[in-house]
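Residues per chain are reported as follows:
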Amino acid sequence: MNLQQELNKTGAFKNLELLAKQVVEGFIAGMHKSPFHGFSAEFAEHKIYNQGESTKHIDWKLYAKTDKLFTKRFDEETNLRCHLIVDNSSSMHYPEISNFSVNSLNKIAFSALASASLMHMLKRQRDAVGLSIYSDAYDYYAPEKGSERHHQMLLHQLSNTVISRPVNKLTETYRYLHQIAEKIHRRSLIFFFTDMFQTTSKEKELFEALRHLKHNKHEVVLFHVFDSEKEQNFEFDNTPKRFIDVETGDYINVYADTIKDQYKEAVTAYFESLRLKCGQYQIKYVEADLRKGFDNVLTTYMIERKKFV
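Residues numbered from 1 in each chain as written. Predicted model: local features only at pLDDT ≥ 70, side-chain atom pairs only at ≥ 80, totals over all residues. Heavy atoms only, no water.

*Asks:* Sorry if this is basic, but what is going on with the nonpolar core here?
*Replies:* The tendency in soluble globular proteins is for nonpolar side chains to be buried as a group. If you look at the biggest cluster of nonpolar residues, it comprises 50 residues, and the most contacted ones within it are F110 and F191. Excluding residues within four positions of it along the chain, F110 makes contact with L105, V225, A288, D289, L290, G293, F294 and V297. If you look at the next biggest cluster of nonpolar residues, it comprises 27 residues, including L177, A181, L206 and Y281. (Core = buried A, V, L, I, M, F, W, Y, C linked by side-chain atoms within 4.5 Å. Buried < 20%, exposed > 50% of the residue type's maximum accessible area, 1.4 Å probe, protein only. Contact = heavy atoms within 4.5 Å.)

Have a look at this one:
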């Protein structure tokens with residue numbers, strides 16, 4: 001399959017790397033006087049290149065201007081390891097969108113672009129990143145690496161995930177979290193993108209699996225991805241509608257206003273329960289409302305990275 005042709009045909013992300021770069025640069029430009037001011041600097045200073053040193057960090061643009069060899073001397077050599085986990089169950093492909101853009105995303109597209117943006121920031125810091133994607137199976141795994149080839153491979157996989165549109169794919173998240181936990185051996189910062197919709201009510205098993213992710217002193221951040229307009233506030237016009245569970249195919253026919261108040265009450269209670277449970281298990285819980293953009297995700301990364309190193 002030609003990925004670029006498929007992306008063009010479906011109107012999905014034509015260049016995920018470019019989109020991620022735009023998201024990150026917009027975020028950094030908006031920080032200005034924030035506590036993270038200065039993060040965007042890629043290096044501390046230049047120093048003259050000495051014969052025999054690695055040529056990896058030679059600034060070739062500066063060489064073109066000055067005809068002298070300088071290398072970039074970096075502030076930090078932390079070698080942080082980060083693992084991204086993306087839930088690719090059918091519910092993550094809601095709402096259905098034919099033409100994606102930064103301002104028109106469903107949950108899986110938001111998660112993919114957020115992941116790509118985090119990867120861009122990690123790349124700038126020369127950190128290693130890995131990726132796991134699951135649906136009704138453990139679909140994809142790549143260990144933490146920092147090479148450009150690895151980076152492009154992960155971007156390709158994220159792009160492909162957005163356009164895959166799985167149909168009626170159930171998931172038991174806890175099963176795959178246990179498998180992922182067994183694969184991450186060295187201390188890492190773990191970011192998990194999920195809508196937390198489960199076809200079975202095995203909440204205890206889910207949080208036990210999340211706790212398993214914390215073994216080996218990993219730090220875990222759960223990005224709870226949702227569409228606040230539809231999934232939290234239930235903003236539908238009051239005409240007869242069929243609401244279908246995209247994972248099981250079950251449905252109900254109902255007027256939205258008939259159940260709106262009860263729905264909002266139940267969702268509010270569920271969100272609060274998730275927040276409390278994550279606190280109990282020492283997992284950072286972050287609301288990732290796709291209607292509000294990426295600042296909350298990227299700010300969380302900045303905070304957690306500072307704490308981690």
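From this point, the narrative continues.
*Asks:* Is there a simple way to think about the packing of aromatic side chains in this case?
*Replies:* Geometrically, a pair of aromatic rings is defined through the distance of the ring centres and the angle of the planes. The final tally for this structure, using the stated rule, is 15 aromatic pairs. When the ring centre of Y141 is taken as reference, the NZ or CZ atom of K183 above it lies at 4.6 Å. The ring centre of F236 lies 4.6 Å from the NZ or CZ of K230, which sits over that ring. (Phe/Tyr/Trp six-rings, centres within 6.5 Å; stacked < 30°, edge-to-face > 60°. Lys NZ or Arg CZ within 6 Å of the ring centre and 35° of its normal.)

*Asks:* Sorry if this is basic, but what is going on with the sheet that holds strand β7 (residues 219-226) here?
*Replies:* Either a parallel or an antiparallel arrangement is found when strands of a sheet pair, and the pairing is made through backbone hydrogen bonds. Ordered by their spatial adjacency, six strands build an open sheet running β5-β4-β3-β6-β7-β10, and the pairing between neighbours is mixed. Strands with a single pairing partner mark the edges of an open sheet, and in this sheet they are β5 (138-145) and β10 (284-289). The mean angle between the axes of side-by-side strands here comes to 15 degrees, regardless of whether they run parallel or antiparallel. Across six bridges, β7 lies against β10 in parallel orientation. By the bridge assignment, V221 is partnered in β10 with K284. Where helix α5 (residues 148-164) meets the sheet, it contacts β3 (81-87), β4 (128-134) and β5, and its direction lies at approximately 25 degrees from that of β4. (Pairing = 2+ DSSP bridges. Helix = DSSP H or I, 4+ residues; strand = E, 2+ residues; numbered from the N terminus. Axes fitted to C-alpha atoms, helices over the stretch in contact; angles between N-to-C directions.)

*Asks:* What should I look at first to understand the side chain of K214 in this one?
*Replies:* Within the secondary structure layout, K214 lies in the loop between α7 (203-213) and β7. Although K214 is buried, it forms no salt bridge, and the closest oppositely charged side chain is E219 at an N-O distance of 4.2 Å. For K214, the side chain forms a polar contact with the main-chain oxygen of Q282, separated by 3.0 Å. Not counting residues within four places of it along the chain, the set of residues in contact with K214 comprises E219, V220, Y281, Q282 and I283. (Lys, Arg positive; Asp, Glu negative; His and termini not counted. Salt bridge = Lys/Arg side-chain N within 4 Å of Asp/Glu carboxyl O. Polar contact = N/O pair within 3.5 Å; in protein donor to acceptor, adjacent residues only side chain to side chain.)

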